[in-house]
2 protein chains.
Amino acid sequence: MSSTPRRSTIIEVARLAGASKTSVSRYFGDERERLSPSLQTRIAQAAHTLGYQPNQMARGLKGGHSKLVGMLVADIRNPFSVAITHGVEQACRQYGYSLLVGNTDNDPEQERQHLALLSAYQVEGLVINAAGSPERQLHTVIHQGTPVVLLDREVNHVDAAVVGLDNHQAVDMALEHLTEQGYQAVLYVSETPEQSSTRQLRLMCFNQGAQQRALIHATLLLTPSDDTATLNALDTFIADHKQHNCAVLCANGNATLAITRLFQRLGLPLGKVGLMGIDELDWCCLVPPGITTLAQPTDDIGQTAIHCLMHQIAPHTTPMPTQLNFAPTLIKRGSTQP
Amino acid sequence: MSSTPRRSTIIEVARLAGASKTSVSRYFGDERERLSPSLQTRIAQAAHTLGYQPNQMARGLKGGHSKLVGMLVADIRNPFSVAITHGVEQACRQYGYSLLVGNTDNDPEQERQHLALLSAYQVEGLVINAAGSPERQLHTVIHQGTPVVLLDREVNHVDAAVVGLDNHQAVDMALEHLTEQGYQAVLYVSETPEQSSTRQLRLMCFNQGAQQRALIHATLLLTPSDDTATLNALDTFIADHKQHNCAVLCANGNATLAITRLFQRLGLPLGKVGLMGIDELDWCCLVPPGITTLAQPTDDIGQTAIHCLMHQIAPHTTPMPTQLNFAPTLIKRGSTQP
DNA sequence: TTACTAAATAGGAGCGATTCCATTCTGATG
DNA sequence: CATCAGAATGGAATCGCTCCTATTTAGTAA
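Predicted model only: the values in this text are computed from it and were never measured. (Residues numbered from 1 in each chain as written. Chains lettered and ligands numbered in written order. Predicted model: local features only at pLDDT ≥ 70, side-chain atom pairs only at ≥ 80, totals over all residues. Heavy atoms only, no water.)

Student: Would you mind showing me how to read empty space enclosed by the protein here?
Tutor: Any space left empty among the atoms is revealed by the rolling of a water-sized probe across them. Summed over all chains, the structure comprises 5 cavities of 30 Å³ or more. Counted as a void, the largest cavity has a volume near 130 Å³. In terms of lining residues, the largest cavity is bounded by 14 residues, among which Ile76(A), Thr85(A), Val101(A), Ile76(B) and Val101(B) are the most central. A breakdown of the residues in the lining of the largest cavity according to their chemical character gives 6 nonpolar, 6 polar and 2 charged. (1 Å grid on protein atoms, 1.4 Å probe; cavity = no way out; pocket = protein on both sides within 12 Å on 5 of 7 lines; lining within 4 Å. Points joined across faces, edges and corners; volume = space filled by probe spheres on them. Nonpolar A, V, L, I, M, F, W, Y, C, P; charged D, E, K, R; others polar.)

So, in structure tokens, the structure goes:
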């Protein structure tokens, strides 16, 4: 059995460097400048030979600075969420924070548990892409002084910054593009909007915008379990409007994926029947003749969320981002050329 | 200003319940049964009214049980990594652990930093999808007694369980399928194998297997920055073997994506020129006539990694998984029907 | 030189839990 | 009734660090 050398502590470093705990602590905290150059080198050397690294648990305990940010993601397998997580993680590192991620799989119960857990780890801030409506818990957490930023979706009655897409503008751009391309009847496809304020908002904007433009329009909610229902609804919509140019607008990446599959099963000609989606995906350029999308600036969104959070954690050192709602980018492809 | 109620501590609960810290600690630890029923209810009640939750930082400090598992991912935007992360997270929760994820973006330097950070948080175990070769650090960490499990890729000279695909079998299945379908010349496309033992292994298996089957074969390494080089190489290979049925085998999802794009740019007829990839992706069924893939059991892989880890953390309560190399599933589609 | 100020360093009390060890409380046994 | 094992509970040290409060040192002006 090889002996298991306990990792060395601040005291051992102090002893070896001939200094006090305090000085070593200062060295590894952010008061290094207060130490004389000679002491700095002695400590650096001692720490290096011992392979010392401060125990974050102990730090977090005493100072309350866990240097941890918690993130809750509704569906980690959604490429959009992943892209945002990437931005969040990047920004965290930039500020010297680590990220504790919880995936809730769109389950409010898991969300509850994860939220409790994260706060038990004394996270200094929380970035939340809500699955349910964890109002109560968020209130508690916020009341305890933990800054919270919401990602993409807002939560009823919770007064926290929301970073995400400018949904109004997005839907508007989509409708504008579709009308420009000569489509006259548009079917809007979304997952059930109960869970998500964003879905609700986009849906509302769609109805409103389509009406303003005097478009023939209808909406279709995806039923996860029952493909054929959706298939029929789609089929019917197209059939009912044979005399018009029809298009389908998908509310997010999942919808785009589902609908593209159905287009193929129905043998619908992409372009002739328009197809457009919010969220850019790897493969949208691969399905001939390419699927038109509105790309979200995911990295920006993720990073902004963290900037926002850091502003709340350390108001004086970090500026508050001015923009929280980002404009999408229209990527035109063949699927919207009749 | 609303006052900020510090979260309540074990002492307050103890006081309110008329018990000692020790008892409360026992209640929230795993010695609840040792307490008399009456005490249990008193503590439960007190904890509930105070909204008490043990401070994980403090727990981690004293007992060394941070209940944290660290995970390092080479590229979090790779759908394969995401799928595995999902499995890992699920299994962690099952064991009552939380997951601290670090994304290294395939950068050895970031890998180093993240590794240091994770160990600073006293993670009880580490799941690593290596980007570079952090041998030294892993040795240190392992020597300190932290169990390590490697995901998908092994690291030189590091003696830890590796959970992943049975690469030999995978490449074999691919070649078998391609030959069955009548392809005679196969081009193997991979990202540069230096970083990844898996890429090396697959490449080797390919050369070996192709030779055994007396296939005409060649390999092509993707150069991230230079598309046209790859384009030309692909084009040349096809041209050079006009008289044979050609196919391309992609080493992973990224390769499949890149090559599919090139097929379109070159106007290559999918199927006539075969295309097959390791890793199943959302869109493989969407690009007509569908791309044949070998799907990895990602959830299994992720979960097994954690089972493996837990076995090392608590050898007596958890069995060691017997299988660490998983067989892929062949998903036949039109891209391999000449 | 002396007095005084500011900079540099040290000492020690906790942070909130766990855990060893001691104590009290049962009830069964002789 | 005395004794004692074992269960139930409590006390206090401790984990590694931060930060408040000394104390020492150096630097400057009178």
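Student: Would you explain the environment of Thr41(A) in this entry?
Tutor: All names here are of chain A. Secondary-structure assignment places threonine 41 in helix H3 (residues 37–50). Counting along the chain gives 229 residues from threonine 41 to leucine 270, while the straight-line C-alpha distance between them is 68 Å. Of the polar contacts made by the side chain of threonine 41, one reaches the backbone oxygen of serine 38; its length is 2.8 Å. (Helix = DSSP H or I, 4+ residues; strand = E, 2+ residues; numbered from the N terminus. Polar contact = N/O pair within 3.5 Å; in protein donor to acceptor, adjacent residues only side chain to side chain.)

Student: Teacher, can you tell me more about the interface of chain A and chain B here?
Tutor: In many analyses, interface size is given as the accessible surface area lost on bringing the parts together. Contacts between chain A and chain B engage 54 residues on the former and 54 residues on the latter. With both chains or domains summed, chain A and chain B bury close to 5,000 Å², and 57% of this area falls on carbon and sulfur atoms. The largest per-residue losses of area from chain A upon contact with chain B belong to Met57(A), Tyr121(A) and Leu286(A), which jointly make up 15% of the total buried on that side. At the surface where chain A touches chain B, the tally comes to 2 salt bridges. The salt bridge involving Arg77(A) is made with Asp299(B); its shortest N-O contact spans 3.9 Å. Counting across the interface, chain A meets chain B through 28 residue pairs in polar contact (both at pLDDT 80 or more). Going through the elements one at a time, helix H4 (56–63), helix H5 (79–95), strand E2 (98–103), helix H6 (108–120) and helix H11 (253–266) of chain A are the ones with two or more residues in the side of chain A that touches chain B. Tallying contributions element by element places H6(A) first for the side of chain A that touches chain B, with 7 residues. (Contact = heavy atoms within 4.5 Å. Buried area = accessible area lost by both parts, 1.4 Å probe. Salt bridge = Lys/Arg side-chain N within 4 Å of Asp/Glu carboxyl O.)

Student: Is there a simple way to explain the pairing of strand E9 (residues 274–278) of chain B in this structure?
Tutor: A regular strand carries its side chains on alternate faces of the sheet. All names here are of chain B. Most of E9 is tucked away, with 5 of its 5 residues classed as buried. Residues Gly274, Met276 and Ile278 point to one face of E9 and Leu275 and Gly277 to the other, with burial holding for every one of them. Two strands pair when backbone bridges link them, and strand E8 (residues 246–250) and E9 are joined in this way by 4 bridges, in the parallel orientation. For leucine 249, the partnering residue across the bridge sits in E9 and is methionine 276. Note that the unit made of E8, helix H11 (residues 253–266) and E9 has a crossover that is right-handed. (Buried < 20%, exposed > 50% of the residue type's maximum accessible area, 1.4 Å probe, protein only. Pairing = 2+ DSSP bridges. Right-handed = clockwise from strand over helix to strand, strands pointing away.)

Student: Mind showing me how you'd approach the protein's contact with DNA strand D here?
Tutor: For DNA strand D, the set of nearby residues contains 27 residues, the closest of which are Ile10(A), Ser25(A), Tyr52(A), Arg59(A) and Thr22(B). Each atom of DNA strand D within 4 Å of the protein belongs either to a base or to sugar and phosphate, the latter forming 60%. One nitrogen or oxygen atom from the side chain of Thr22(B) is found 2.7 Å from a base oxygen belonging to DNA strand D. Sorting the residues of the surface near DNA strand D by element identifies helix H2 (21–28) and H4 of chain A together with helix H2 (21–28) and helix H4 (56–63) of chain B as the ones contributing at least two each. Classifying every residue of the surface near DNA strand D gives 9 nonpolar, 10 polar and 8 charged. (Near = heavy atom within 4 Å.)

Student: Hey, could you run me through helix H12 (residues 298–313) of chain A in this one?
Tutor: In an α-helix there are 3.6 residues to a turn, and that puts residues three or four apart on one side. Between its first and last C-alpha atoms H12(A) spans 23 Å; for 16 residues at 1.5 Å apiece the expected length is 22 Å, and the two agree. Of the surrounding secondary structure, the elements contacted by the buried residues of H12(A) are strand E1 (68–73), H5, strand E3 (125–128), strand E4 (148–151), strand E5 (161–165) and strand E11 (325–326) of chain A. (Expected span 1.5 Å × (residues − 1).)

Student: So what exactly am I meant to see when it comes to the protein's contact with DNA strand C here?
Tutor: What surrounds DNA strand C is a group of 29 residues, the closest being Ser36(A), Lys62(A), Ile10(B), Ser25(B) and Asn55(B). Counted by atom, the contact set of DNA strand C within 4 Å of the protein is 51% sugar and phosphate. At 3.3 Å from a base oxygen of DNA strand C is found a side-chain nitrogen or oxygen belonging to Thr22(B). Secondary-structure elements contributing two or more residues to the surface near DNA strand C are H2 and H4 of chain A together with H2 and H4 of chain B. Residues that form the surface near DNA strand C fall into these classes: 9 nonpolar, 11 polar and 9 charged.

Student: Would you explain the nonpolar core in this entry?
Tutor: Generally speaking, a soluble globular protein has its nonpolar side chains buried in company with each other. Grouped together as the largest cluster of nonpolar side chains are 54 residues, with contacts concentrated most on Val248(A), Phe263(A), Trp283(A), Val248(B), Phe263(B) and Trp283(B). For Val248(A), the residues in contact, after removing those within four places along its chain, are Leu187(A), Val189(A), Leu234(A), Ile259(A), Phe263(A), Gly274(A), Leu275(A) and Met276(A). (Core = buried A, V, L, I, M, F, W, Y, C linked by side-chain atoms within 4.5 Å.)

Student: Looking at this structure, how should I read the state of the cysteines?
Tutor: Here, the word disulfide means a covalent bond between the sulfur atoms of two cysteines. All names here are of chain B. Enumeration according to the criterion identifies 0 disulfides over all chains in this entry. Cysteine 308 provides the cysteine sulfur closest to cysteine 92, a residue in no disulfide bond, and the two sulfurs are 13 Å apart. Overall, the relative accessible area of 1% leaves cysteine 92 in the buried class. Here cysteine 250 is not disulfide-linked; the sulfur of cysteine 284 is the nearest cysteine sulfur, at 9.3 Å. (Disulfide = S-S within 2.5 Å.)

Student: What is the right way to look at the packing of H2(A) against H3(A) in this model?
Tutor: Helix packing geometry: the angle between the two helix axes and the distance between the axes. All names here are of chain A. One can describe the packing of H2 onto H3 by two numbers: an axis separation of 10 Å at closest approach and a directional angle of 85 degrees. Regarding the angle of H2 to H3, the classification is roughly perpendicular. Contacts from Ser23, Val24, Tyr27 and Phe28 of H2 reach H3 at Leu39, Gln40, Ile43, Ala44 and Ala47. Of the residues contributing to the contact of H2 with H3, the split by class is 7 nonpolar, 2 polar and no charged. (Axes fitted to C-alpha atoms, helices over the stretch in contact; angles between N-to-C directions. Parallel < 35°, antiparallel > 145°, perpendicular 65-115°, else oblique.)

Student: What's the story with the relation of the copies chain A and chain B in this structure? I'm lost.
Tutor: Note that the two copies of the chain are related through a rotation about an axis and a translation along the same axis. The two copies are related by a screw operation: chain A maps onto chain B through 180 degrees of rotation and 0.0 Å of translation along the axis, at an RMSD of 0.1 Å. The superposition of one copy onto the other is thereby described by a two-fold rotation axis. By residue overlap, the copies meet face to face through one surface: 100% of the interface positions of chain A are interface positions in chain B. (Least-squares fit on C-alpha atoms with pLDDT ≥ 70 in both.)

Student: Is there a simple way to explain the domain arrangement of chain A in this structure?
Tutor: Residues and elements named next belong to chain A. Partitioning chain A into structural domains gives domain 1 (10–54), domain 2 (67–165 + 298–326) and domain 3 (167–295 + 329–336). Taking only C-alpha atoms into account, the centre of domain 2 sits 29 Å from that of domain 3. Contact residues are listed per partner, giving 11 residues for domain 2 and 12 residues for domain 3. A buried area of about 920 Å², summed over both sides, lies between domain 2 and domain 3, and 38% of it is on carbon and sulfur atoms. On the domain 2 side of the interface with domain 3, the three residues burying the most area are Asp152, Arg153 and Leu165, jointly 50% of the side's total. Taken together, the links from domain 2 to domain 3 amount to 0 salt bridges. The tally of links between domain 2 and domain 3 comes to 3 residue pairs in polar contact (both at pLDDT 80 or more). Partitioning the side of domain 2 that touches domain 3 into residue classes produces 4 nonpolar, 3 polar and 4 charged. (Domains from an automatic or database assignment.)

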